[in-house]
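Fold and contact review
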Amino acid sequence: MTQPTAPRIDAPRIDAARVAAAHDAARAAYVARNPGSAAALDRARRVLPGGNTRSSLWTEPFPLCIEAGEGCRIRDVDGHSYVDLLGEFTAGIFGHTSPVLAKALADAHARGINLSSHTPYEVELAERLCARFPSMDRVRFANSGTEANLMAVTAARLVSGRGRVVVFRGGYHGGVLTFGAGVSPVDVPFDYACLPYNDIDAVTEEFAENGADIACILVEPMQGAGGCIPAEPDFLRALRALATEHGAALIFDEVQTARMAYGGAQARLGITPDMTTVGKFFGGGLAFGAFGGRADIMDRFDPSRPDALPHAGTFNNNSLTMAAGVTAIDHYLGAEALDALFVRGEALRAEMTALFAERGLPFSVSGMGAIMNIHACSGLAPEVDQKLLALLHLTMQERGYYFAARGLMALSFAVGPEELAGFLSALGEGLDL
Ligand SMILES: Cc1ncc(COP(=O)(O)O)c(C=O)c1O
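Residues numbered from 1 in each chain as written. Predicted model: local features only at pLDDT ≥ 70, side-chain atom pairs only at ≥ 80, totals over all residues. Heavy atoms only, no water.

1. Overview of the site of the ligand
Taken together, Ser144, Gly145, Thr146, Asn149, Tyr172, His173, Gly174, Glu220, Asp253, Val255, Gln256 and Lys280 are the residues near the ligand. One of the backbone N or O atoms of Tyr172 is found 3.4 Å from a nitrogen atom in the ligand. Separating an oxygen atom of the ligand from a side-chain N or O atom of Gln256 is a distance of 3.0 Å. In the complex, the protein chains occlude 83% of the 390 Å² of accessible area that the ligand would expose alone. A per-element tally of the shell around the ligand places helix α5 (residues 145–160) first, with three residues. Residues of the shell around the ligand, tallied by class, amount to two nonpolar, seven polar and three charged. (Near = heavy atom within 4 Å. Polar contact = N/O pair within 3.5 Å; in protein donor to acceptor, adjacent residues only side chain to side chain. Areas by Shrake-Rupley, 256 points an atom, 1.4 Å probe, with all protein chains shown as cover. Helix = DSSP H or I, 4+ residues; strand = E, 2+ residues; numbered from the N terminus. Nonpolar A, V, L, I, M, F, W, Y, C, P; charged D, E, K, R; others polar.)

Right, here's the structure in full:
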């Protein structure tokens, strides 16, 4: 009697040709559905290179042009409405409308903008930030996360008198501190050791060879732009120990992860860096960055000292951002609200993971709390995975759910259980592979 043949478990379950055909059809439908966005790009191309002033927004064949937002929804110039699951790449934690922030801004505006000196707002915001981050004795403000990281690294280098900066492949600390595939030609020219993330041996080796030259380690507790890859707690503990042993500053870039708890990821992990950078939502929806840390480092910026390091910026203490930041912290960014958002994100990730497994869909989702990234994982060529992710992105967009083409999602407070249930059901039904 012949035995029944066992099913071939090593055969790829995904048919690359079918994926390519589905992708091309979804892309053609996208083009047909969005003539207004296509026209907006054509117009922008005449004055902005590629029609773009923020590279991360570029998506093939052209990005949507969004003309308005309200709560958790956005509307494009062709009149389509989407549930915004991208949350302005983590900065838009409040949703798109907030009467509370609007009032704070109007009140600050009524008291005069561009006040030519110190204002009461900046100390209010500084007190709140120093109170919440274990590592921040003092803080200074900037206008972006990029600038905050540049200043933190500069401070660590000048205070230590050393030049070398340890960073990690896949890391993103701003437009001129980007290490996705190693050191980029646009990066500010520091002496970098760009090492693999979560690799304790590589960092240990680097410190053994160059410990006396290393000014600082700049690291994200979770690599955000790098695909939402959380650091292993042991890796961060090893960085803490090596920095202490060799007299280097450990800088946590919490521009994204500050939302993981009242005191940021550092509080959740119980690891205290020497310096911390934040940005995004602490400006209450306006352009913002801040760097802070140990008093002995930060106090070098005290302008009354003979050895003071300068740090300038016309808008560092602008009253609108400062006032919006204070209100955002008091009204939105309390411990309970952030913990609840974290739990909501963890639950969503677990549900997505279960759904992908149940439906046999070749995707995974990584992340921490309410920031996550979908990855295609067919086991076939990288180009197939790229098409798969693009297909998922286009399909979900057509169904009214908006996230980054690279798979990034960041929940805002405005995204409720109904929207998430709708998203999960669309995700389960969307693809027939
Ligand atoms: C971890 C991290 N650091 C720094 C930055 C740079 O902040 P900004 O875009 O405000 O310059 C970003 C921006 O996405 C970020 O995700």
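On we go.
2. Regarding the sheet that holds strand β16 (residues 371–376)
With antiparallel pairing, the three strands of this open sheet are ordered in space as β15-β16-β18. Edge positions in the sheet fall to β15 (363–368) and β18 (408–410), since each of these pairs with one other strand and no more. Across the sheet, the mean angle separating the axes of adjacent strands is 25 degrees when strand polarity is ignored. Bridging between β15 and β16 involves six bridges; their strand directions are antiparallel. The partner of Met368 across the bridge, within β16, is Ile371. Its contacts with the sheet put helix α11 (residues 335–359) on β15, β16 and β18, and the angle it makes with β15 is roughly 165 degrees. (Pairing = 2+ DSSP bridges. Axes fitted to C-alpha atoms, helices over the stretch in contact; angles between N-to-C directions. Contact = heavy atoms within 4.5 Å.)

3. Here's the deal with the domain arrangement of the protein chain
When cut into domains, the protein chain gives domain 1 (16–96 + 336–430) and domain 2 (99–331). With centres defined by C-alpha atoms, the gap from domain 1 to domain 2 works out at 28 Å. At the interface, 22 residues of domain 1 touch 21 residues of domain 2. Summed over both sides, the interface of domain 1 with domain 2 buries roughly 1700 Å², with 67% coming from carbon and sulfur. On the domain 1 side of the interface with domain 2, the three residues burying the most area are Phe94, Leu338 and Met368, jointly 35% of the side's total. On inspection of domain 1 and its partner domain 2, the count reaches one salt bridge. Residue Asp339 is joined to Arg268 by a salt bridge in which the shortest nitrogen-to-oxygen separation is 3.4 Å. Summed over the shared surface of domain 1 and domain 2, the result is seven residue pairs in polar contact (both at pLDDT 80 or more). When residues of the side of domain 1 that touches domain 2 are traced back to their parent elements, those giving at least two are α11, β15, β16 and β18. Across the side of domain 1 that touches domain 2, the residue classes break down as 14 nonpolar, six polar and two charged. (Domains from an automatic or database assignment. Buried area = accessible area lost by both parts, 1.4 Å probe. Salt bridge = Lys/Arg side-chain N within 4 Å of Asp/Glu carboxyl O.)

4. Concerning the side chain of Asp187
For Asp187, the location among the structural elements is in the loop between β7 (178–179) and β8 (191–195). Despite its burial, Asp187 pairs with no opposite charge, the nearest such side chain being Arg169 at 11 Å. In this structure the side chain of Asp187 is engaged in a polar contact, spanning 3.3 Å, whose partner is the backbone nitrogen of Leu177. Residues in contact with Asp187, not counting those within four places in the same chain, are Val176, Leu177, Thr178, Phe179 and Tyr192. (Buried < 20%, exposed > 50% of the residue type's maximum accessible area, 1.4 Å probe, protein only. Lys, Arg positive; Asp, Glu negative; His and termini not counted.)

5. A short note on helix α10 (residues 319–331)
The end-to-end C-alpha separation of α10 is 18 Å, in line with the 18 Å expected for 13 residues at 1.5 Å each. A large share of α10 lies buried, amounting to 10 of its 13 residues. Turning to α10, its buried residues are Ser319, Thr321, Met322, Ala323, Ala324, Gly325, Val326, Thr327, Ala328 and Ile329. Turning to α10, the residues buried within the fold contact α3 (99–110), α4 (120–132) and β4 (138–142). (Expected span 1.5 Å × (residues − 1).)

6. Looking at the packing of α4 against α10
The contact between α4 and α10 brings their axes to 8 Å, and the two run at 40 degrees. Here α4 is positioned oblique relative to α10, judged by the angle of their axes. Between α4 and α10 the crossing geometry is left-handed. Where α4 abuts α10, its residues Tyr121, Glu122, Glu124, Leu125, Arg128, Leu129 and Arg132 lie against Ser319, Met322, Ala323, Gly325, Val326, Ile329 and Asp330. For the contact of α4 with α10, the residue count by class is seven nonpolar, two polar and five charged. (Parallel < 35°, antiparallel > 145°, perpendicular 65-115°, else oblique. Left-handed = near helix turned anticlockwise from the far one by under 90°.)

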